[in-house]
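For reference, the chains in residue letters:
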Amino acid sequence: VHMPLLVRKLVTKGKNAETDNRLSLVAGVIPGQHDTPDAHWDDSDGCKLEARLTEICIDLTVLVEEKYRASQLAQHTWLLKRRDQIIEGARIARIEAERKERERLEKLERERIDRLIGDAEQLRRAQSIRAYVADATAQHIVFRRAILTP
């Protein structure tokens, strides 16, 4: 977890403004990106920052722990969502593959049926031609006998 710390001079107005050397410690501010501090501590007339270092360290530790837990929760949530997306993608891919396989098998079945119908049509034509040849041969034999027999 990244926690930027800035030390700033407190800007004051009034008769002691130029000699006022009070400081402010700001946590979580990235100038130009994130200007709202997560926490801050200021020098006061009764207590300097140096005297509050233990309190500041504890507060920073708690703040960083909260940020870390929030980032871990966000990552876990993202991973769950991503897992669901992957599962859904796999489900859709499986359904699509099954659909394509069904279409492929249906096409093969149509081609087989068309081939059988074509074969049946060729068989019918062949039988018709054979019957015609047999009939023509029989008529030729009859005609020849009629011509040759006085």
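Residues numbered from 1 in each chain as written. Predicted model: local features only at pLDDT ≥ 70, side-chain atom pairs only at ≥ 80, totals over all residues. Heavy atoms only, no water.

Any details on the pairing of strand 3 (residues 39-42)? Residues and values, ideally.
What you see with strand 3 is a clean split: Ala39 and Trp41 sit on the buried side and His40 and Asp42 on the side with no burial. Relative to strand 3, strand 2 (residues 23-27) runs antiparallel, the two sharing 4 bridges. Within the sheet, the bridge partner assigned to valine 26 lies in strand 3 and is histidine 40. (Buried < 20%, exposed > 50% of the residue type's maximum accessible area, 1.4 Å probe, protein only. Helix = DSSP H or I, 4+ residues; strand = E, 2+ residues; numbered from the N terminus. Pairing = 2+ DSSP bridges.)

With reference to specific residues and values, describe the nonpolar core.
Listed in full, the 9 residues of the largest apolar core are Met3, Leu25, Ala27, Ala39, Trp41, Leu49, Ile56, Leu60 and Leu63. Listing elements by their share of this core, those giving two or more residues are strand 2, strand 3 and helix 1 (53-148). Among all residues touching leucine 25, those that are not within four sequence positions of it are Leu5, Leu6, Val7, Ala39, His40, Trp41, Leu49 and Ile56. (Core = buried A, V, L, I, M, F, W, Y, C linked by side-chain atoms within 4.5 Å. Contact = heavy atoms within 4.5 Å.)

Describe the side chain of serine 24, listing the residues and the values that go with them.
With respect to the helices, strands and loops of the structure, serine 24 is situated in strand 2. In this structure the side chain of serine 24 is engaged in a polar contact, spanning 3.5 Å, whose partner is the backbone oxygen of tryptophan 41. A polar atom in the side chain of serine 24 sits 2.5 Å from the side chain of aspartate 42. (Polar contact = N/O pair within 3.5 Å; in protein donor to acceptor, adjacent residues only side chain to side chain.)

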